[in-house]
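Structure assessment
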Amino acid sequence: MVYKYSLNTAKENMYDITNKVKEAITISGAKCGIATIYTPHTTSGITINENADPDVVHDLLLGLEKAFPNRAEFKHDEGNSSAHLKASAIGSSVAVIIDDNKPILGTWQSVFFCEFDGPRTRTFYINISAN
Amino acid sequence: MVYKYSLNTAKENMYDITNKVKEAITISGAKCGIATIYTPHTTSGITINENADPDVVHDLLLGLEKAFPNRAEFKHDEGNSSAHLKASAIGSSVAVIIDDNKPILGTWQSVFFCEFDGPRTRTFYINISAN
Amino acid sequence: MVYKYSLNTAKENMYDITNKVKEAITISGAKCGIATIYTPHTTSGITINENADPDVVHDLLLGLEKAFPNRAEFKHDEGNSSAHLKASAIGSSVAVIIDDNKPILGTWQSVFFCEFDGPRTRTFYINISAN
């Protein structure tokens, strides 16, 4: 049970994909289990954070840029090592627990696809494991 | 098989919840599989690190604060964007492999609930998936 | 279905272990599911990033060192708190989705064992969960 989605991204942004997670869980019929949301790209990530105030996304992207800027000492000649660093710090997947055919998400939580080196057409996958 | 726990936190600290992970695995009866430990809060995280010397927790919290401090340019008016950044860098869940009805943890490993914006009453969930 | 592997590491480096992930998936026979790759050590991590240009690994290690250096204020007397920080920022495991008995990995993605405090003989585990 693997579901594939795609989206078009801007240079750097975070996209709320919670509705796709809910959709995959509904289609799967899983009562209890784990949803794994995964990006196959090395300059993007998947994270869970606040969906209520869009300023949180602004601050997350700014704070990551301050922690992991491009540096003169970097050698990768594509010039996007900052994006590779953010990808590994954020991670390529998240797990969400499924209960009663719904994701257990806190009041303020959404699942975000994080673009660190767009604009691009990106793909992500959702696996549903019932248990 | 989802187990729910709660704890009361200080302003910023890490709490060893390994006993709860072991408890959930025991109750589940799973011989082999995955335990997923998950926080539904956007200013907390779950991580695995050293449990032997409490100075490691001190240094982890200090090092995260240095990497992801609050900044004048941040816009989120709750003023806790540093905590949101730490939450996404650490992550909202960890997976632990179950073998012989026990978690595979290294000698020095414990599972920690990380509070970045307390004090609060917090919840976490453990899902056990047998395979 | 847990598979155990070991490797000998240098002081600080990232090792492509994708072949072991593919091997474990093949042996398991799982058509669809999740591979969980896990390190039981508190100064190492598992991540997914680019395998094509070795300069990416150079830049990842350099960027992590800049974000999480050892600091005079650290108290842990082993002197390796920087490595503990990198371990928690990168994470102790990754999940890879299995489809058609193969991992869904992007063109440039590999799974890496990250050594932050070697040289050592290290272990990692792979659990295969079919669904």
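Below: a short report on this structure. Throughout this description, residue numbers start from 1 for each chain and increase along the sequence as written. Throughout, the order in which chains and ligands are written sets their labels, letters from A for the former and numbers from 1 for the latter. Totals for whole chains, interfaces and linings use all residues, but because this is a predicted model, local features are given only for residues with pLDDT of at least 70 and pairs of side-chain atoms are given and counted only at 80 or more. Think of the side-chain values as coming from all heavy atoms in the structure, minus any hydrogens and water.

What follows concerns unusual backbone geometry. The linkage connecting glycine 118 of chain A with the following residue, proline 119 of chain A, adopts the cis geometry, with an omega of 0 degrees. Here proline 119 of chain A is to be found in the loop between strand 7 (109-115) and strand 8 (121-130). In the Ramachandran plot, asparagine 101 of chain B falls in the positive-phi region, its phi being about 60 degrees despite a non-glycine side chain. Secondary structure elements follow DSSP: runs of H or I of four or more residues count as helices, runs of E of two or more count as strands, with numbering from the N terminus. Assignment of secondary structure puts asparagine 101 of chain B in the loop between strand 5 (93-99) and strand 6 (102-103). In this structure, aspartate 100 of chain C is a non-glycine residue whose phi angle is positive, near 55 degrees. By secondary structure assignment, the location of aspartate 100 of chain C is in the loop between strand 5 (93-99) and strand 6 (102-103).

Below, the discussion takes up the sheet that holds strand 8 (residues 121-130) of chain B. All names here are of chain B. Strands sit in the order 1-8-3-5-6 across an open sheet of five strands; the sheet is antiparallel. Only two strands of the sheet have a single partner each, and these edge strands are strand 1 (2-8) and strand 6. At least two DSSP bridges between two strands are needed for those strands to be called paired. With six bridges joining them, strand 3 (residues 32-38) and strand 8 adopt antiparallel strand pairing. Within strand 8, the position partnered with isoleucine 34 by the bridge is serine 129. We call two residues in contact when some of their heavy atoms are within 4.5 Å. In this analysis, axes come from line fits to C-alpha atoms, helices being fitted only over the stretch in contact, and the angle between any two N-to-C directions falls in the range 0 to 180 degrees. Along the sheet, helix 1 (residues 18-28) contacts strand 1, strand 3, strand 5, strand 6 and strand 8; its crossing angle with strand 8, the most-contacted strand, is approximately 40 degrees.

Each partner contributes residues to the interface: chain A has 30 residues there, and chain C has 33 residues. Take the accessible area each of two parts loses on contact, using a 1.4 Å probe, and add the two losses: that sum is the buried area. It is Tyr38, Thr42 and Ser88 of chain A that lose the most area in chain A upon contact with chain C, and together they represent 23% of the buried surface on that side. Here, a salt bridge means any side-chain nitrogen of Lys or Arg that lies within 4 Å of a carboxyl oxygen of Asp or Glu. At the boundary of chain A and chain C, one finds one salt bridge. In the analysis that follows, any N or O atom pair within 3.5 Å is treated as a polar contact, provided that within protein one partner can donate a hydrogen and the other can accept it, and provided that, for residues neighboring in sequence, both atoms belong to side chains. The interface formed by chain A and chain C includes twelve residue pairs in polar contact (both at pLDDT 80 or more). Elements with a minimum of two residues in the side of chain A that touches chain C: strand 3 (32-38), helix 3 (81-90) and strand 8 of chain A.

A word on the relation of the copies chain A and chain C. Least-squares fitting of chain A to chain C yields an RMSD of 0.0 Å, with the transformation described by 0.0 Å of translation along the axis and a rotation of 120 degrees. Look at the turn and shift together and you get a three-fold axis relating the two. Mapped onto chain C, only 13% of the interface residues of chain A again fall at the interface, so the copies present different surfaces. The atoms used to superpose the copies are C-alpha atoms, taken from residues with pLDDT of at least 70 in both, and the fit is least squares.

None of the figures reported here should be taken as evidence of function without further support.
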